[in-house]
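The chain contents come next:
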Amino acid sequence: MLTIAVSKGRIYEEALPLLAEAGITPLDDPATCRKLILQTTRPDVQLVIIRATDVPTFVEYGAADLGIAGKDVLLEHGADSLYEPLDLNIACCRLMTAAHKDAPAISGRVRVATKYVNTAQRYFAELGIQAEIIKLYGSMELAPLVGLADCIVDLVDTGNTLKANNLEPRELIMNISSRLVVNKAAMKMKNKAIAELLDQFEQTLAKRCPPCPT
Ligand code: AMP
């Protein structure tokens, strides 16, 4: 049995066609059913439906053999404990700083609201900017509006969420896409099954174009 960890929402929706090409179609829809383990059309493959930020943890500890996770989540988690063999080029977006449209450019000490504490810390340290990072779990866009932070670090796709809140994107930290991650022990113990699956994903991806920007 192979267990694949995936989060609900955009990543799940965009992963479905890829999984289908490998013969894996869930027997239930997580949007309408409360099951956390979904059997699939392949009796040897099941999906576990978890929060995006928990995917690396499940895979690291072997509770799932494979996972599909955004590069943002992997950067924040620290990905040394996992194999990351494949960029699936789905759920593409950008990890960016953003600030109020009238706010001056960052200079000196800066207060940053984000859920990406480690990534933001590294980013500002590399620029030599002294940053106080404030951890938030959601609605980051509110922080600059109420004086909690000078700027935010968050995912940007269309930019509509920023615009609706009088914020604007500033610096690109990284282009983001979802990656396939594999538990290190499973890669050895279940090598044949995992290698076959990787091959099927690679073939499907090769037919698709263009990839997300990197
Ligand atoms: P947008 O308004 O299209 O720029 O989308 C921004 C909002 O969607 C922010 O709240 C982001 O955290 C979230 N978002 C955008 N792209 C993704 C993604 N690939 N994965 C998860 N959240 C995303």
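Novice: Give me the lowdown on the side chain of Thr97, citing residues and values where you can.
Specialist: Here Thr97 shows up in strand E6 (residues 93–100). Classification of Thr97 as buried rests on a relative accessible area of 2%. Among all residues touching Thr97, those that are not within four sequence positions of it are Tyr123, Phe124, Ile152, Val153, Glu168, Pro169, Arg170, Glu171 and Ile173.

Novice: Could you give me a rundown of the site of the ligand, with the residues and numbers involved?
Specialist: The environment of the ligand is made up of Arg10, Ala91, Cys93, Glu141, Asp154, Leu155, Val156, Asp157, Thr158, Gly159, Asn160 and Thr161. Within the side chain of Thr161, an N or O atom sits 2.5 Å from an oxygen atom of the ligand. Elements that contribute at least two residues to the shell around the ligand include exactly strand E9 (151–156) and helix H6 (160–164). Among the elements that line the shell around the ligand, the one with the most residues is E9, at 3 residues. Grouping the amino acids of the shell around the ligand by side-chain chemistry returns 4 nonpolar, 4 polar and 4 charged.

Novice: Lay out the side chain of Asn183 with the relevant residues and their values.
Specialist: By the secondary structure assignment, Asn183 is in strand E11 (residues 178–183). At 3.0 Å, the side chain of Asn183 and the backbone nitrogen of Ala185 are in polar contact. Not counting residues within four places of it along the chain, the set of residues in contact with Asn183 comprises Val59, Glu60, Tyr61, Gly62, Ala64, Asp65 and Tyr83.

Novice: Could you give an account of the packing of helix H1 (residues 10–21) against helix H8 (residues 191–207), naming the residues involved and the relevant values?
Specialist: At a minimum axis distance of 9 Å, the contact between H1 and H8 shows a crossing angle of 115 degrees. Crossing angle aside, the handedness with which H1 passes H8 is right-handed. Together, Leu18, Leu19 and Glu21 of H1 and Phe201, Thr204, Leu205 and Lys207 of H8 make up the contact between the two elements. For the contact of H1 with H8, the class distribution of residues is 4 nonpolar, 1 polar and 2 charged.

Novice: Describe unusual backbone geometry, and please don't skip the residues or the numbers.
Specialist: Here Asn89, not a glycine, exhibits a phi torsion of approximately 55 degrees, which is positive. With respect to the helices and strands, Asn89 occurs in the loop between strand E5 (82–87) and E6. Phi is positive for Ala91, close to 50 degrees, though the residue is something other than glycine.

Novice: I'd like to hear about the environment of Phe58, residue by residue, with values.
Specialist: For Phe58, the location among the structural elements is in helix H2 (residues 55–60). The partly exposed category is assigned to Phe58, whose relative accessible area is 31%. In the structure, Phe58 is positioned 125 residues away from Asn183 in sequence and 8.9 Å away in space, judged by C-alpha atoms.

Novice: Outline the domain arrangement of the chain, listing residues and values.
Specialist: You'll often see interface size given as the accessible area lost when the parts meet. Per the domain assignment, the segments making up the chain are domain 1 (2–91 + 177–207) and domain 2 (93–175). Between domain 1 and domain 2, the C-alpha centre-to-centre distance is 29 Å. Listed as interface residues are 7 residues of domain 1 and, on the opposing side, 11 residues of domain 2. Together, the buried faces of domain 1 and domain 2 total about 810 Å²; carbon and sulfur atoms form 45% of this surface. Sorting the residues of domain 1 by area buried against domain 2 places Asp72, Leu75 and Glu76 first, and these three jointly supply 67% of that buried surface. Counting every contact that joins domain 1 to domain 2 gives 1 salt bridge. Between Asp157 and Arg10 there is a salt bridge; the shortest N-O distance is 3.2 Å. For the interface between domain 1 and domain 2, the tally reads 6 residue pairs in polar contact (both at pLDDT 80 or more). If one sorts the elements of the side of domain 1 that touches domain 2 by residue count, helix H3 (residues 71–77) sits on top with 4 residues.

Novice: Before we move on, could you go through the sheet that holds strand E10 (residues 167–176) and cite the residues and values that matter?
Specialist: Reading across the sheet, the 5 strands line up as E8-E7-E9-E6-E10 and stay open at both edges, with mixed pairing between neighbours. Of all strands in the sheet, those with a lone pairing partner are strand E8 (131–135) and E10, marking the two edges. Across the sheet, the axes of successive neighbouring strands diverge by a mean angle of 30 degrees, strand direction being ignored. With 5 bridges connecting them, strand E7 (residues 110–114) and E8 associate as parallel partners.

What counts as what
- Residues numbered from 1 in each chain as written.
- Predicted model: local features only at pLDDT ≥ 70, side-chain atom pairs only at ≥ 80, totals over all residues.
- Heavy atoms only, no water.
- Helix = DSSP H or I, 4+ residues; strand = E, 2+ residues; numbered from the N terminus.
- Buried < 20%, exposed > 50% of the residue type's maximum accessible area, 1.4 Å probe, protein only.
- Contact = heavy atoms within 4.5 Å.
- Near = heavy atom within 4 Å.
- Polar contact = N/O pair within 3.5 Å; in protein donor to acceptor, adjacent residues only side chain to side chain.
- Nonpolar A, V, L, I, M, F, W, Y, C, P; charged D, E, K, R; others polar.
- Axes fitted to C-alpha atoms, helices over the stretch in contact; angles between N-to-C directions.
- Left-handed = near helix turned anticlockwise from the far one by under 90°.
- Domains from an automatic or database assignment.
- Buried area = accessible area lost by both parts, 1.4 Å probe.
- Salt bridge = Lys/Arg side-chain N within 4 Å of Asp/Glu carboxyl O.
- Pairing = 2+ DSSP bridges.

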